[in-house]
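# Topology and contacts: notes
What follows is each chain in one-letter form.
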Amino acid sequence: VDDNQKALAGAQFELYKKGANGATEKIGGTYTTNESGKIHVDGLSNGEYYFVETKAPAGYVLDTTEVEFTVTKAGEVISKSLVNYEIPTITKDIEGAERFDVEPGTEYTYNLTLNLPANIHEYTEFVVTDTLDFRLTYAGEWSVTGVNKDNIAFTKTESEAGEEVLTWTFENLE
């Protein structure tokens, strides 16, 4: 499911059975969620199992958290869920336009707009990198809305090709 509890088709998982002394055994091949976001597995013997997501649906972040469950009787229906959050997206515009004819020697303001996932508070860090077009030069100012600027480290470096690379590292995203 996504963070709005919408069923997601196409998530792929591997299934493992826990054995003695911490050993695990992979069961079957790859299991893929159907249009209802469900996986059906028949014929499991009693024991402890877990799924691990190996491929997230398109547009979502992979979550490799072990989804554990225990089979205690034949034919038992077990329901577990894993939330996949959307991949963060970034849009960039110059003075409000997506395409802009740049005049040499003129200073422009450009905006990076980030659409962050609902679980951003769980991230230990989030990094945004922008490599400037060779015709552009960073003017030395940046601002932010919606988060505390003190939680953002900014660096300006140069790529091997000589382009300016701007990086913002967001920390403490509680």
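This text gives an overview of the structure that appears in the document. (Residues numbered from 1 in each chain as written. Predicted model: local features only at pLDDT ≥ 70, side-chain atom pairs only at ≥ 80, totals over all residues. Heavy atoms only, no water.)

## Overview of the sheet that holds strand S8 (residues 152–158)
Within a sheet, adjacent strands bond to each other through the backbone by hydrogen bonds, running parallel or antiparallel. Strand order in the open sheet made by the three strands is S7-S9-S8, with antiparallel pairing throughout. If you trace the sheet from one side to the other, it starts and ends with strand S7 (125–131) and S8, each paired once. Between one strand axis and the next, the sheet turns by 15 degrees as a mean value, whatever way the strands run. As judged from the seven bridges shared by S8 and strand S9 (residues 164–171), these two strands associate in the antiparallel manner. (Pairing = 2+ DSSP bridges. Helix = DSSP H or I, 4+ residues; strand = E, 2+ residues; numbered from the N terminus. Axes fitted to C-alpha atoms, helices over the stretch in contact; angles between N-to-C directions.)

## Looking at the sheet that holds strand S1 (residues 12–18)
The strand order S2-S1-S3-S4 describes an open sheet built from four strands, whose pairing is antiparallel. Two strands bound the open sheet, and with one partner strand each, they are strand S2 (24–32) and strand S4 (67–71). Strand-to-strand twist across the sheet, computed as the mean angle between neighbouring axes with direction ignored, equals 25 degrees.

## Topic: the side chain of Thr-169
Relative to the assigned elements, Thr-169 resides in strand S9. Not counting the four nearest positions on each side in its chain, Thr-169 is found in contact with Glu-125, Phe-126, Val-127, Asn-151, Ile-152 and Ala-153. (Contact = heavy atoms within 4.5 Å.)

## Focus: the layout of surface pockets
Approximately 1000 Å³ is the volume found for the largest pocket. Along the wall of the largest pocket there are 33 residues; nearest its centre are Tyr-108, Thr-109, Tyr-110, Asn-111 and Glu-141. Contributions of two or more residues to the lining of the largest pocket are made by strand S6 (110–115), S7 and S9. For the lining of the largest pocket, the element with the highest residue contribution is S6, accounting for five residues. The class makeup of the residues in the lining of the largest pocket is 21 nonpolar, eight polar and four charged. In this structure, the second largest pocket encloses a volume near 870 Å³. Lining of the second largest pocket is provided by 29 residues; of these, Ile-39, His-40, Phe-51, Ile-78 and Ser-79 occupy positions nearest its centre. (1 Å grid on protein atoms, 1.4 Å probe; cavity = no way out; pocket = protein on both sides within 12 Å on 5 of 7 lines; lining within 4 Å. Points joined across faces, edges and corners; volume = space filled by probe spheres on them. Nonpolar A, V, L, I, M, F, W, Y, C, P; charged D, E, K, R; others polar.)

## Notes on the packing of aromatic side chains
The final tally for this structure, using the stated rule, is ten aromatic pairs. Between the aromatic rings of Tyr-49 and Phe-69, the centroid separation amounts to 5.5 Å while the plane-to-plane angle is 15 degrees, which identifies the pairing as stacked. Taken together, the positions of Tyr-49 in strand S3 (residues 47–55) and Phe-69 in strand S4 put the pair 20 residues apart, joining distant regions of the chain. For the residue pair Tyr-49 and Phe-69, the accessibility class agrees, reading buried in each case. Ring centres 5.7 Å apart and planes at 35 degrees place the aromatic pair Trp-142 and Phe-154 in the tilted group. Placement of Trp-142 in the loop between S7 and S8 and of Phe-154 in strand S8 is noted, with a sequence separation of twelve residues between them. What links up through ring pairs into an aromatic cluster is the set Phe-13, Tyr-31, Tyr-49, Phe-51 and Phe-69. (Phe/Tyr/Trp six-rings, centres within 6.5 Å; stacked < 30°, edge-to-face > 60°. Buried < 20%, exposed > 50% of the residue type's maximum accessible area, 1.4 Å probe, protein only.)

## Structural notes on the pairing of S7
Where a strand is regular, its side chains alternate between the two sheet faces. Here S7 shows a buried face lined by Phe-126, Val-128 and Asp-130 and an unburied face lined by Glu-125, Val-127, Thr-129 and Thr-131. Pairing between S7 and S9: seven bridges, direction antiparallel. In the strand pairing of S9, Val-127 is matched with Thr-169.

Taken by themselves, the reported measurements are silent on function.
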